[in-house]
Amino acid sequence: MAEILPIGTILAVAINQVIKTAHAANDVVIEKESFKTLSSHLFDIVRVLKELELKKLNESPIARKALENLETDVKNANTLIDKYKNRSRFYLLIKCRHIVKEVQDVTRDIGKSLNTLSLANTEVLSGISDQVTRLQNEMQRAEFAICQSQLQILDKLDEGLASQKFNQGFANDLIEDIARAVGVNVDPTEIKRELDSFKREKEEAENRKERAEVYFLEQVIELLSRADAARDYEELKDQYMQRLRVVERNGSREEFIQPFKAFICGITKTVMIDPVSLSNGTAYSRVAIEDWFGSGEKTDPVTGEYLDDLDFRPNIQLRQSIQEWKELNYCMKIRSCKAKLLSGNDLSVNDALCQIRELLKENSINKDWVSFGGVTESLVKILPKLLDQEVKVEALDTLKDAVEGHARNKDLVVEQKGFCHIVPFLGCEYGLSKASLELILELVLEESGQTMDTIGELSKQCNPVSFLVTILKSSEVDLVEKAQNVLRKLIDVDEKNAIRAATDKWFGPVVEYVVHGSKSTKMAMLSGIDNLTLDEHDTKLLCELGLIPPLLKMASEDLETKKLSLSVLVKLIKTSDDKRLFAAAGAVVHIMNLICSPPLQVLILAKCFEILEKLSSDGDGIKFLVDSSGTQINLELLVENLLALLKNSLLPYTVIRPVLRALFKICESEYALVKAAVVTAGGVSLVLNLLDHSDSETREAAIKLLFLFSNHEPEGVAEFLLKPRRLEAFICLLENSNKSDVQKAAVGLLANLPKSEVVLTRKLIELEGLKAIINVLETGNMEAKENAMSALFRFTDPTNIEAQKIVVELGTYDLLVDFLKNGSVTAKARAAALIGDLSMRSSELTMTSSPGRWCSCFGQTRVKICPAHGGICRVGSTFCLLEAKALPELVKLLHDEVHATTYEAIQTLSTLVQKESPRRGAHVLHESDAILPILEVLNWGSEALKVEALEVLEKVFTLTEMVDMYGPTARVPLVKLTGGSIHEDGHLHRKAVKVLLLIERHSRRSSSLVMAFNG
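In short, a report on the structure. Remember, predicted model here, so these are calculated numbers, not experimental data.

## Topic: the nonpolar core
A general feature of soluble globular proteins is that nonpolar side chains tend to end up buried together. Residues Leu625, Phe709 and Phe957 are the most contacted members of the largest nonpolar core, which totals 243 residues. Filtering out sequence-adjacent residues up to four positions away, Leu625 remains in contact with Val588, Leu612, Leu615, Thr631, Gln632, Ile633, Leu635, Leu638 and Ile666.

## Topic: the pattern of salt bridges
Considering all chains together, one arrives at 38 salt bridges under this definition. Note that Glu442 and Lys410 form a salt bridge whose closest N and O atoms lie 3.5 Å from each other. Placement of Glu442 in helix H20 (residues 430-443) and of Lys410 in helix H18 (residues 407-415) is noted, with a sequence separation of 32 residues between them. The same class applies to Glu442 and to Lys410, which are both buried. In this structure, the salt-bridge partner of Arg500 is Asp494, at a minimum N-O distance of 3.9 Å. Judged by relative accessible area, Asp494 falls into the partly exposed class, the value being 24%.

## A word on the side chain of Glu1000
Structurally, Glu1000 can be placed in helix H55 (residues 987-1002). Here Glu1000 falls in the buried class, since its relative accessible area comes to 11%. At a separation of 3.0 Å, a polar atom in the side chain of Glu1000 contacts the side chain of Arg971.

## A few points about the state of the cysteines
Overall, the coordinates contain zero disulfides when judged by the stated rule. Left without a disulfide partner, Cys462 is nearest to the cysteine sulfur of Cys420, which lies 5.3 Å away.

## Some points on the pairing of strand S1 (residues 275-278)
Because side chains alternate across S1, one face comprises the buried residues Pro275 and Ser277, and the other comprises Val276 and Leu278, equally buried. In this structure, S1 lies alongside strand S2 (residues 283-285), joined through three bridges in antiparallel fashion. What sits directly across from Val276, in S2, is Tyr284. Hairpin connection of S1 to S2: four residues between the antiparallel strands, including Gly281 at a positive phi of 95 degrees. The sheet contact formed by S1 and strand S3 (residues 312-314) spans three bridges and is antiparallel. Its bridge partner being in S3, Leu278 is matched across the sheet by Phe312.

Criteria and cut-off values
- Residues numbered from 1 in each chain as written.
- Predicted model: local features only at pLDDT ≥ 70, side-chain atom pairs only at ≥ 80, totals over all residues.
- Heavy atoms only, no water.
- Core = buried A, V, L, I, M, F, W, Y, C linked by side-chain atoms within 4.5 Å.
- Buried < 20%, exposed > 50% of the residue type's maximum accessible area, 1.4 Å probe, protein only.
- Contact = heavy atoms within 4.5 Å.
- Salt bridge = Lys/Arg side-chain N within 4 Å of Asp/Glu carboxyl O.
- Helix = DSSP H or I, 4+ residues; strand = E, 2+ residues; numbered from the N terminus.
- Polar contact = N/O pair within 3.5 Å; in protein donor to acceptor, adjacent residues only side chain to side chain.
- Disulfide = S-S within 2.5 Å.
- Pairing = 2+ DSSP bridges.

Purely geometric numbers; function is a separate question.
Have a look at this one:
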């Protein structure tokens, strides 16, 4: 009879076993959380057992049996731990679903035994009953689950096995996921070591004759062996060369070896896939025989033999033979395809491409074998030689299939300078562009085991940035994302590619780097932008992408950063939209603070003032000189500060020039600022000194600003110009400048100077300044011409006949008449006024002329007498406007009914009608149809214009014949002007009454003056 151990001894052994198992559970490398939970529960059980040991366990048979069961369950747990303690980590992960289930079951079993033990010792455990109840409940209901990341890996593995997805890319991803999950470095050596360990698990399963386990592990090994990290390049090459030698020994140039009969499945009649053998030894494809038995059949499909045993097993030898046959055919096709590729015939090439794609699809080993067989290099070499578009697309697609997930083939393409042949296709029609882009995208995807920096080589060999940007701007939506992907990789590998993209008007990456890049990166990007030629659309895009705020921030940093950021800010200001965004970002206040934060380098000051100049350009004036909230900054203070800078004689022209230009634009838009500049800050004297500046553009800017100031206060300018050599320099600038705005300002400045400066007028004539002004009349734009005509008034003063003669001798009269025809309203008015100045002395000059007869061999001929002046008139000697053919154009101005031109035209026409002898002039006006439009002025003109019209009519209506012809027409508007009364006051009223009385006095049909007013 066996000796019965005391229950206390059994308890002590159990405690020791539980402690040992609890510690061992913490050392398992896979499913650590599950084993850790089991270990925790076991340590809790130790406390329960020690409580029983302390208070003397019940010696009942039930207690003994419960304790023995607990000991057995703990031993099972220990066996489970030992089972998985030193196994391959890959194996443990792949089997983790099963492992978790085992841990869960053993935990629940221990919980049940603990429950039985506690029920047999209720009194003993009364002090810890709550803890014991909680523990046994937790263990009996234990639910263990795989972590999500491991579950995803297992799902991915199941997917690969189910779909026979044995391609290299899939295997690469899967084995890397597994390695990371179990803590193995993603390194070929480490992964190969783990995979060898995993293969030993299969060998041990074979020894245990676990067929299902062996088959499962074989499939997993076959899949994982496709990964680059798991493959030995030399072994693969040796395998290919062995097969190739067999083919070459055969000597056949055929492309295909027929399969042996044993390879054919009796059900599908095709070469078997995954052959299995039945109990009677016949072989079939696994899926086909499973379907056969699944339909209820219990016989051999071919022999009809009834089968007692429907089990089947993998026929590994047959599968290996089939695989060897396939590989021999692969070699034959690869050899044939290479020859076709190099044939130079597009039809043969296309046939080879189709075969290559089939090979690659059939077995991923062919990705290695096409590289060993020289097909990859051949595909690259033929690309530039292909003529047919469809064949080109097929070649690119085939190459993509070959490199997909395959590091070696990618390296081969790069080594063969493949990008030089592939990239140009990006610029072709859609099909080729798409195929080349997809190939490039595949090539730049990193693969473990790659030795070439593919994306770096792409950037070096044949940079595709321009092509990619073109695609990004196209409407081909399906290509845009792919192009962005490649472009992003190019920019990541070389920041210069962001600049290249910006050169092609794709600014997103360069702005992103300026916003988020390192200091050196930001500087590189800004330098690139600064060297670009930007149009209005470009600056709008850059501003909208958010480039302004980081530039303003950088403008507060070190000197070099300030220079570069301000330089780019200057480039960005082109349109009102740019300026609006600039102002909204608070840039104006920021720039003003920079200016007021001495000491600043000259270049920084120059850029700041250039920004102010640009903000106020294009007629925007002070519109954008606001803070971020839109509130106008203190403009008077700004003007004073800018003018104060001009006192510094050491400032270079790079600073002075933008200061002058900014002042001009700002003051031009707000007249009150001109007054502040001239009166408060002494602007005229400050700017005058700059007319001597050595820089021509600075002088030009000074002239423009001085012209603006002279509109308010010209004092001191004439005195300055009369100093030695100053006037010569000024005239030289006027003669040589081809800039219309400078011409306009220069002649405008002369026009603003007092006409009383006789010495200045004489000097201008002597130094050919008058010629320069007339040249502006001929060549300048309309605004410059208008100012040039204003400047001419000092030379057409009726009191200075000599000056007038010079003006006319220089051909000015014809120009003035042409302005009457084709000029602006202002030009027409000024031309009419100038002609009026000249015409005022015509009568006097005519009376002093010689009688005007000339002789010929046929006797005397009478010279034509001027109808207006009663003598011999010449444009050059009497300035007669009739001789200059100005009269019709002046009359046309009357018909235009424009106040400015009509006013000057009436004044000029009035010079024809002499007060003392009005008849000739009046008749000239009548014959030229000028009197009726003058009368019409009384109906539509302003008061001043009506007064001028009445002045002329007063002289005309001293003649009875004029009253007879125009009196009836004139009465109505005149009566309206008088309001029907001769007693009211007012200059216009008195003038109208006076003319009306003249009509009454000289009218042959008048009945009475009273009737005229009361009719």
